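# Remarks on the overall topology
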Amino acid sequence: MRSSLRLDAVLVQAVIAGALSFSHLHDLAQAAGQSGWKAWAYPVSVDLLLVASWHRLRTLRNTDAPRQAAWIWFTVALAASLGANVATAGLLDLADVPDWLRILVAGWPALAFLGGTLLAHSPVPTSQQDEAAPAPDEADEGRDQPDRLAPVRDLPEPAQPEPEAIAPATAAPAIPAAPSVPPALIAHARKLADSHQAATGHAIDRDTLRSRLGVPAPMADAIAGQLA
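Residues numbered from 1 in each chain as written. Predicted model: local features only at pLDDT ≥ 70, side-chain atom pairs only at ≥ 80, totals over all residues. Heavy atoms only, no water.

## Here's the deal with the overall build of the chain
If you tally the helices and strands in the chain, you get 9 helices and 0 strands. Counting from the amino terminus, the chain carries its helices and strands in the arrangement α-α-α-α-α-α-α-α-α. Within the chain, the proportion of its 228 residues that are buried is 21%. As presented, the chain carries roughly 17,100 Å² of accessible surface, and 62% of it is formed by carbon and sulfur atoms. (Helix = DSSP H or I, 4+ residues; strand = E, 2+ residues; numbered from the N terminus. Buried < 20%, exposed > 50% of the residue type's maximum accessible area, 1.4 Å probe, protein only. Areas by Shrake-Rupley, 256 points an atom, 1.4 Å probe, with all protein chains shown as cover.)

The following block contains the structure:
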């Protein structure tokens, strides 16, 4: 919530500062002889050059490219905006603007066009990390190439074993190991067997024991073997 309030305050402050600077530039251009839509175009031109130079500085932030040109045009646009703010604060008689200020205002469009063109069409250098990464083709060339296989005709023929030396391989069938039965389960099974024999008069069989205990058939066989 606090970060949202701080952000809103910064935006409101930026809007107020931009509106005041825009108005001051318009008043100065109008006092210097630029009337109608031309007076409104001057603040737009100054602000666009300021934004373009600042964007250029942020683009070059993580590179080793020179940033002097971007700083020069940023300073020029900032001086134009700040100068208009100071000039309209009562330090300059807007009814009698000096000739040098009329020359500066009249020559501003060409200066702003030059700065904006240079900033917009200057190549953006790649970062050092991108330059250090090898190209896909170069990376593929650096990989180890597999050795060429020798022709089949050059390989020696494998030795054929004698017929008597070949013995038929017989694999002994795997005997599954008897499952281990916990002593507590054997004691419980013994109680069930005693109850069954007391009720029916017969010893409990494997299927009944397996169903009463809920165990698989191999384990039921192992338990029945220990109960016998």
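## Comments concerning the confidence of the model for the chain
Chain-level pLDDT for the chain is 75 on average; 72% of the residues reach the 70-or-more range. Within the chain, the lowest mean pLDDT, 48, falls on helix α5 (residues 128-132), and the highest, 88, falls on helix α2 (residues 37-59). (pLDDT = per-residue confidence, 0-100.)

## Some thoughts on a nonpolar patch on the surface
Where nonpolar side chains cluster on the molecular surface, the patch consists of Val12, Ile16 and Leu20 and spans about 270 Å² of accessible area. Inspection of the secondary structure assignment puts Val12 in helix α1 (residues 2-31). On the basis of relative accessibility, which here comes to 49%, the residue Val12 falls in the partly exposed class. (Patch = residues over 30% accessible without salt bridge, like charges linked within 9 Å, V, L, I, M, F, W, Y side chains within 5 Å. Salt bridge = Lys/Arg side-chain N within 4 Å of Asp/Glu carboxyl O.)

## Quick look at the nonpolar core
Ranked by internal contacts, the top residues of the largest apolar core, which has 21 residues, are Leu28, Tyr42, Leu49, Leu101, Val105, Trp108 and Leu119. For this core, the element with the most residues is helix α3 (residues 68-91), which contributes 6 residues. Residues in contact with Leu49, not counting those within four places in the same chain, are Trp73, Ala77, Trp108, Ala112, Gly115, Gly116 and Leu119. Counting 13 residues, the second-largest nonpolar core is a separate cluster that includes Leu192, Ile204, Leu213 and Ala220. (Core = buried A, V, L, I, M, F, W, Y, C linked by side-chain atoms within 4.5 Å. Contact = heavy atoms within 4.5 Å.)

## Considering the environment of Pro43
Of note, Pro43 is situated in helix α2. Residue classification places Pro43 among the buried residues on the basis of a relative accessible area of 0%. Placed 18 residues apart in sequence, Pro43 and Leu25 show a C-alpha to C-alpha distance of 5.3 Å. Excluding its chain neighbours within four sequence positions, the residues that come into contact with Pro43 are Phe22, Leu25 and His26.

## Describing the packing of α2 against α3
Packing of α2 against α3 brings their axes to within 8 Å, and their N-to-C directions diverge by 150°. Regarding the angle of α2 to α3, the classification is roughly antiparallel. α2 and α3 meet at a crossing whose hand is left-handed. Residue-level contacts link Val46, Leu49, Leu50, Ser53, Trp54, Arg56 and Leu57 of α2 to Ala70, Trp71, Trp73, Phe74, Ala77, Leu78, Ala80 and Ser81 of α3. (Axes fitted to C-alpha atoms, helices over the stretch in contact; angles between N-to-C directions. Parallel < 35°, antiparallel > 145°, perpendicular 65-115°, else oblique. Left-handed = near helix turned anticlockwise from the far one by under 90°.)

## Thoughts on the layout of surface pockets
Roughly 410 Å³ of volume is contained in the largest pocket. What lines the largest pocket is a set of 19 residues, and nearest its centre among them are Leu28, Ala80, Leu101, Leu104 and Val105. Of all elements in the fold, only α1, α2, α3 and α4 (99-121) reach the threshold of two or more residues within the lining of the largest pocket. When residues of the lining of the largest pocket are assigned to their parent elements, the largest contribution, 7 residues, is made by α4. (1 Å grid on protein atoms, 1.4 Å probe; cavity = no way out; pocket = protein on both sides within 12 Å on 5 of 7 lines; lining within 4 Å. Points joined across faces, edges and corners; volume = space filled by probe spheres on them.)

## Quick word on the packing of aromatic side chains
Overall, the coordinates contain 3 aromatic pairs when judged by the stated rule. An aromatic cluster of at least three residues, connected via ring pairs, comprises Trp54, Trp71 and Phe74. (Phe/Tyr/Trp six-rings, centres within 6.5 Å; stacked < 30°, edge-to-face > 60°.)

## Description of α2
Every α-helix winds through 3.6 residues per turn, so residues three or four apart in the chain are directed the same way. Given a rise of 1.5 Å per residue, 23 residues ought to cover 33 Å, and the 33 Å separating the end C-alpha atoms of α2 matches this to within 8%. Within the sequence span of α2, burial applies to Ala39, Tyr42, Pro43, Val46, Leu49, Ser53, Arg56 and Leu57. (Expected span 1.5 Å × (residues − 1).)

## Let's talk about the packing of helix α7 (residues 183-200) against helix α9 (residues 217-227)
The geometry of α7 relative to α9 is characterised by a closest axis approach of 10 Å and an angle of 70° between their N-to-C directions. In terms of their interaxial angle, α7 and α9 are classed as roughly perpendicular. Contact residues: α7 offers Leu185, Ile186, Ala189, Arg190 and Ala193, while α9 offers Met219, Ile223, Gln226 and Leu227. The class makeup of the residues in the contact of α7 with α9 is 7 nonpolar, 1 polar and 1 charged. (Nonpolar A, V, L, I, M, F, W, Y, C, P; charged D, E, K, R; others polar.)

## Quick word on the environment of Tyr42
Its location among the elements puts Tyr42 in helix α2. Distance in space between the C-alpha atoms of Tyr42 and Ala29 is 6.8 Å, their sequence separation being 13 residues. Those residues in contact with Tyr42 that lie beyond four places of it in its chain are Ala29, Gln34, Val105, Ala106, Trp108 and Pro109. Among the polar contacts made by the side chain of Tyr42, one reaches the main-chain carbonyl oxygen of Val105 at a distance of 2.6 Å. (Polar contact = N/O pair within 3.5 Å; in protein donor to acceptor, adjacent residues only side chain to side chain.)

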